[in-house]
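Now for the letters of each chain:
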Amino acid sequence: MKKTSYALIGFLLIFIMLGSPIVSVQGTPYNCTGVVGAEATWKVKTVNNGTLEAIFGPTWQTTIEMSFLPGSSVAGAKMKSKITYVNTSYIHDTSTVYPFIPMAPVDACLILSDVWYWTTDPFNESSPDASNVPTVIFSHPENLTTYCQLLGVFISLFAGNVSQRNALGYLNGLLVPAEDYLADLLWDNDYLIDGTTVTHTITITIAKPIYFGWFGNYFVNCTETWRYSKSYGTFLGYKLVHNNGTTAYETVLVTPSAEEIPGFELLVLTGTSIGTILCVIYVIMKKK
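Analysis parameters
- Note on numbering: residues in each chain are counted from 1, in written sequence order.
- Owing to the predicted nature of the model, reporting of local features is limited to residues with pLDDT of at least 70; listing and counting of side-chain atom pairs is limited to 80 or more, with chain, interface and lining totals taken over all residues.
- Computation of side-chain values: all heavy atoms of the structure, hydrogens and water removed.
- Pairing of aromatic rings covers Phe, Tyr and Trp, the last counted by its six-membered ring, and requires centre-to-centre distances within 6.5 Å; plane angles under 30 degrees mean stacked, over 60 mean edge-to-face, and any other angle means tilted.
- In DSSP terms, a helix is any run of H or I states spanning at least four residues, a strand is any run of E spanning at least two, and both are numbered starting from the N terminus.
- A 1.4 Å probe rolled over the protein chains alone gives each residue an accessible area, and that area as a share of the maximum for its type sets the label: buried under 20%, exposed over 50%, partly exposed in between.
- The pairing criterion is simple: DSSP has to find at least two bridges between the two strands.
- The axes are straight lines fitted to the C-alpha atoms, using for helices just the contacting stretch, and the angles between their N-to-C directions are given from 0 to 180°.
- Every residue pair with non-hydrogen atoms within 4.5 Å of one another is taken to be in contact.
- Two cysteine sulfurs form what is called a disulfide whenever their separation falls within 2.5 Å.
- In the sections that follow, a salt bridge refers to a side-chain nitrogen of Lys or Arg positioned within 4 Å of a carboxyl oxygen of Asp or Glu.
- Values of pLDDT, which run from 0 to 100, indicate the predictor's confidence residue by residue.

**A word on the packing of aromatic side chains**
Centre-to-centre distance and the angle between the planes together describe a pair of aromatic rings.
And then number 1: Enumeration over the complete set of coordinates arrives at 17 aromatic pairs.
And then number 2: Aromatic pair tyrosine 147 and tyrosine 170: ring centres 5.2 Å apart, planes at 80 degrees, arrangement edge-to-face. Here tyrosine 147 is found in helix α4 (residues 141-154), whereas its partner tyrosine 170 is found in the loop between α4 and α5 (178-183), with 23 residues between them in sequence. Tyrosine 170 carries the same exposure label as tyrosine 147, and that label is buried.
And then number 3: The interplanar angle of 50 degrees and the centroid separation of 4.8 Å between the aromatic rings of tryptophan 226 and tyrosine 228 together place this pair among those described as tilted. Taken as a pair, tryptophan 226 and tyrosine 228 share a single burial class, namely buried.

**Regarding the sheet that holds strand β2 (residues 78-92)**
And then number 1: A sheet is described by the order of its strands in space; here 9 strands give the open sequence β4-β3-β2-β1-β9-β8-β7-β6-β5, paired in antiparallel fashion. Each end of this open sheet is capped by a strand with a single partner; those strands are β4 (130-138) and β5 (191-194). The sheet shows a mean angle of 25 degrees between the axes of neighbouring strands, taken without regard to direction.
And then number 2: Note: strand β1 (residues 39-47) against β2, 5 bridges, orientation antiparallel. Bridge pairing in β2 places alanine 40 opposite serine 81.
And then number 3: Contacting β1, β7 (222-228), β8 (235-242) and β9 (247-255), helix α2 (residues 49-56) crosses the sheet at an angle of about 80 degrees to β8.

**Quick notes on the state of the cysteines**
And then number 1: Using the criterion set out here, one finds 1 disulfide in the structure.
And then number 2: Through a disulfide, cysteine 32 is tied to cysteine 109; the S-S separation comes to 2.2 Å. With cysteine 32 in the loop between α1 (2-19) and β1 and cysteine 109 in strand β3 (residues 106-119), this pair connects stretches of sequence that are 77 residues apart.
And then number 3: We classify cysteine 32 as buried; its relative accessible area is 18%.
And then number 4: Residue cysteine 109 is classed as buried on the basis of its relative accessible area, which comes to 2%.

**A look at the pattern of salt bridges**
And then number 1: In the structure shown here, the tally under the stated rule is 4 salt bridges.
And then number 2: For glutamate 39, the salt bridge identified is with lysine 80, shortest N-O distance 3.6 Å. One end of the pair, glutamate 39, is in strand β1; the other, lysine 80, is in strand β2, and 41 residues separate them in sequence.
And then number 3: Take glutamate 39: its relative accessible area is 35%, and that puts it in the partly exposed class.
And then number 4: For lysine 80, a relative accessible area of 4% corresponds to the buried category.
And then number 5: Glutamate 125 is the salt-bridge partner of lysine 80, the closest N and O atoms lying 2.3 Å from each other. Taken together, the residues lysine 80 in strand β2 and glutamate 125 in the loop between β3 and β4 connect sequence positions 45 residues apart.
And then number 6: What emerges from the salt-bridge pattern is a single network uniting Glu39, Lys80, Lys82 and Glu125.

**What to know about the environment of serine 163**
And then number 1: Turning to its location among the elements, serine 163 is positioned in the loop between α4 and α5.
And then number 2: On the basis of relative accessible area, serine 163 is assigned to the buried category, the value being 0%.
And then number 3: C-alpha of serine 163 to C-alpha of cysteine 148: the two residues are 15 residues apart in sequence and 7.9 Å apart in space.
And then number 4: Sequence-distant contacts of serine 163, that is, excluding residues within four places in its chain, are made with Trp187, Asp188 and Tyr191.

**Notes on the confidence of the model for the protein chain**
And then number 1: Counting all residues, the mean pLDDT for the protein chain is 82, and 80% of those residues have values of 70 or more.
And then number 2: Averaged pLDDT values over the elements of the protein chain bottom out at 32 in α1 and peak at 97 in α2.
And then number 3: Overall, residues 1-25 carries pLDDT values under 50, and its contacts beyond four positions in sequence, including any with other chains, amount to 26 contacts.
And then number 4: When the criterion is pLDDT under 50, residues 261-288 qualifies, and its contacts beyond four places in sequence or with other chains add up to 146 contacts.

Following this line, the structure appears as structure tokens:
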């Protein structure tokens, strides 16, 4: 009976997606704050090998580097992003990511960035590791919720609402007001939203001995948090904490400074789901 209900809901969602465009009929108007030329640099603050192995198993380094890009498993490494293009009226076709999801194109903000991957050496300013890499942010949070729900229809393991796993690639930054954007998303039950802080609590039980992610699986209880700039929607950092209180992994924004991003000092350290974290982190902030 339960399986039949899920299937019926899935087919209804598919019918709606195929029959009409995705639109926002009400709610907060959101704005993209990306500006060409804006730069930001993040640093790997903490890498606790033993604790990461306890959480992800012996392949923890692969999990980290598939999640955050090469070099991200080294403490002290830095990554830089520089915005090269912004389109606030972009129409995004989700089928370019998952062709099997029958979702109509949606309004979005498109940001292209040059990216220098994690390294402990000085950046080669004239030679980024990747050029004009796209970041897409849905203009209407309800469309991202629908996308995540549809993903779960076709990948039953990921059935649910918004999570870092299901929204992979679409939460690199937020539109503003960032607090409202997060609040307007329908999150999975193991996520808690407090202002611009997103907290994900992973609970391992006998009935659920593994939490499955995109790039790695979790084997012990832990908490990961994710933070954004209140004023600009910029991704500020990630933190993963073992259930015993030990910090396993942490990244932080190091430039621009906290003083240059209003609201930074009011935030608690947060992070994103490593198993589903966005492949590249990009800055969405106003150029100073």
